[in-house]
Amino acid sequence: MKRDEVPQDRLAHYGGARKAVYALGSDGHYETVPSSGWEVEAVVTGDAVAEYRRLADEALRRVREGRASPLEYHMYARRMDPPMLAQITGIWRWRLRRHLRADVFRRLPERILRRYAEALGTSLEELKRID
């Protein structure tokens, strides 16, 4: 996108702040250009947040039914998915998917739980429960 094509929507803005985006300048090199927002970006971001909220609500229901671990709820509540959490913790995806099961999660050693807690920015005690 060229410098003069950077969106400056009046409807979607960042609480009065501006966001820096990259655009091609007149010299053909990329430069940062301030943008007051882009309605499409705001809509897509809102949809993504709503989807994570839906996933967290479903996970919460499964945790209360004993079919999922609290890890699944906390992961979605913090807007992460299994591939992202696996990458952050360094735990293989197939292992992480197993840890989302309530019976497997209950048997996890504390060192693994600490890795999840650190990645999710929570305490070990909070990771093990839901509110």
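See the structure above.
These lines cover the structure that appears in this document, whether it is placed above or below. (Residues numbered from 1 in each chain as written. Predicted model: local features only at pLDDT ≥ 70, side-chain atom pairs only at ≥ 80, totals over all residues. Heavy atoms only, no water.)

## Quick notes on the pattern of salt bridges
What the rule picks out here adds up to eight salt bridges. Taking the shortest distance from any N to any O, the salt bridge between Arg67 and Glu65 comes out at 2.8 Å. Look at Glu65 and you get partly exposed, because its relative accessible area is 45%. (Salt bridge = Lys/Arg side-chain N within 4 Å of Asp/Glu carboxyl O. Buried < 20%, exposed > 50% of the residue type's maximum accessible area, 1.4 Å probe, protein only.)

## Focus: the nonpolar core
Here is a general trend for soluble globular proteins: nonpolar side chains tend to be buried in one another's company. Ranked by internal contacts, the top residues of the largest apolar core, which has 23 residues, are Leu71, Tyr76, Leu85, Tyr116 and Leu127. Of all the elements in the fold, those that place two or more residues in this core are helix H1 (39–64), helix H2 (70–77), helix H3 (82–89), helix H6 (110–120) and helix H7 (124–127). Non-local contacts of Leu71, meaning those with residues more than four positions away in its chain, are made with Leu85, His99, Leu100, Phe105, Tyr116, Leu120 and Leu127. (Core = buried A, V, L, I, M, F, W, Y, C linked by side-chain atoms within 4.5 Å. Helix = DSSP H or I, 4+ residues; strand = E, 2+ residues; numbered from the N terminus. Contact = heavy atoms within 4.5 Å.)

## As for unusual backbone geometry
The phi torsion at Arg79 lies on the positive side, around 55°, for a residue other than glycine. Turning to its location among the elements, Arg79 is positioned in the loop between H2 and H3.

## Topic: the environment of Leu85
For Leu85, the position within the fold is in helix H3. As a C-alpha pair, Leu85 and Ala119 span 34 residues in sequence and 7.3 Å in three-dimensional space. Setting aside chain neighbours within four positions, we find Leu85 in contact with Leu71, Met75, Met80, Leu96, Tyr116, Ala119 and Leu120.

## Some thoughts on H3
Every buried residue of H3 is listed here: Pro82, Leu85, Ala86 and Thr89. Seen from one end, H3 has its buried residues packed into an arc of 100°, which puts them on one side. Where H3 is buried, its residues contact H2, helix H4 (93–99) and H6. With its phi angle positive at about 75°, Gly90 sits one or two positions after the end of H3. (Arc of directions from axis to C-beta.)

## Some points on the side chain of Thr122
The residue Thr122 is located in the loop between H6 and H7 in this model. Separated by 3.0 Å, the side chains of Thr122 and Glu126 make a polar contact. For Thr122, the contacting residues outside a window of four places in its chain are Arg78, Ala117 and Leu127. (Polar contact = N/O pair within 3.5 Å; in protein donor to acceptor, adjacent residues only side chain to side chain.)

## Considering the side chain of Arg62
Its location among the elements puts Arg62 in helix H1. Those residues in contact with Arg62 that lie beyond four places of it in its chain are Arg67, Ala68 and Glu72.

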